[in-house]
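# Notes for the structure review
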Amino acid sequence: MHAFLSGIGMAVALLGAISPAHGQKETERFIPIGQSPGVSQKQTSIGEIAEVNAAGRTVTVAEQAGRRTVKITEKTRVWIDRTKLKQANLTGSFADLQKGRRIEVKYEDPERRQIADWVKVEIARP
């Protein structure tokens with residue numbers, strides 16, 4: 001009986017250790033630009049793509065605070081926000097990062113803001 005109760009205690013402790021942030025990380029692609037609780041505007045930049053450098057795999061984002069060039073690595077997740085089309089969001093690629101499109105970038109290091117952890121790019125027309 002003691003082993004059983006001990007096992008239940010361990011299961012409860014493990015479930016308690018799963019953070020809401022982990023759940024949000026798994027569902028982030030479905031959240032529209034600017035609406036990520038606790039993330040948008042705190043750990044992200046939102047603006048318009050001013051430049052794309054395919055050779056260097058960078059994008060320059062024009063935001064209220066100015067322009068910022070961000071590295072898009074092979075690990076960077078790219079999502080296509082199709083909320084304005086009333087369609088489901090999709091997984092995208094570097095090719096979807098086109099000049100003039102609205103973008104939200106979450107950084108690997110929010111202090112340095114050089115490398116993108118994930119990027120959402122808005123598609124507003126078919």
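Residues numbered from 1 in each chain as written. Predicted model: local features only at pLDDT ≥ 70, side-chain atom pairs only at ≥ 80, totals over all residues. Heavy atoms only, no water.

Let us now look at the overall build of the chain. Of the regular secondary structure elements, the chain holds two helices and seven strands. N-terminal to C-terminal, the α/β element order of the chain is α-α-β-β-β-β-β-β-β. The buried share among the 126 residues of the chain stands at 36%. Once local pairs closer than 6 in sequence are excluded, the contacts in the chain between residues at least 24 apart make up 56%. (Helix = DSSP H or I, 4+ residues; strand = E, 2+ residues; numbered from the N terminus. Buried < 20%, exposed > 50% of the residue type's maximum accessible area, 1.4 Å probe, protein only. Contact = heavy atoms within 4.5 Å.)

Below, the discussion takes up the sheet that holds strand 5 (residues 90–91). In spatial order, the strands read 3-2-1-6-7-4-5; together these seven strands make up an open sheet with mixed pairing. Looking at the sheet topology across the chains shown, the edges are occupied by strand 3 (66–71) and strand 5. Taken together, the two bridges between strand 4 (residues 77–81) and strand 5 define a ladder with antiparallel strand orientation. Note that in strand 5 the partner of Ile80 across the bridge is Leu90. (Pairing = 2+ DSSP bridges.)

Function cannot be read off these values alone, since they describe shape.
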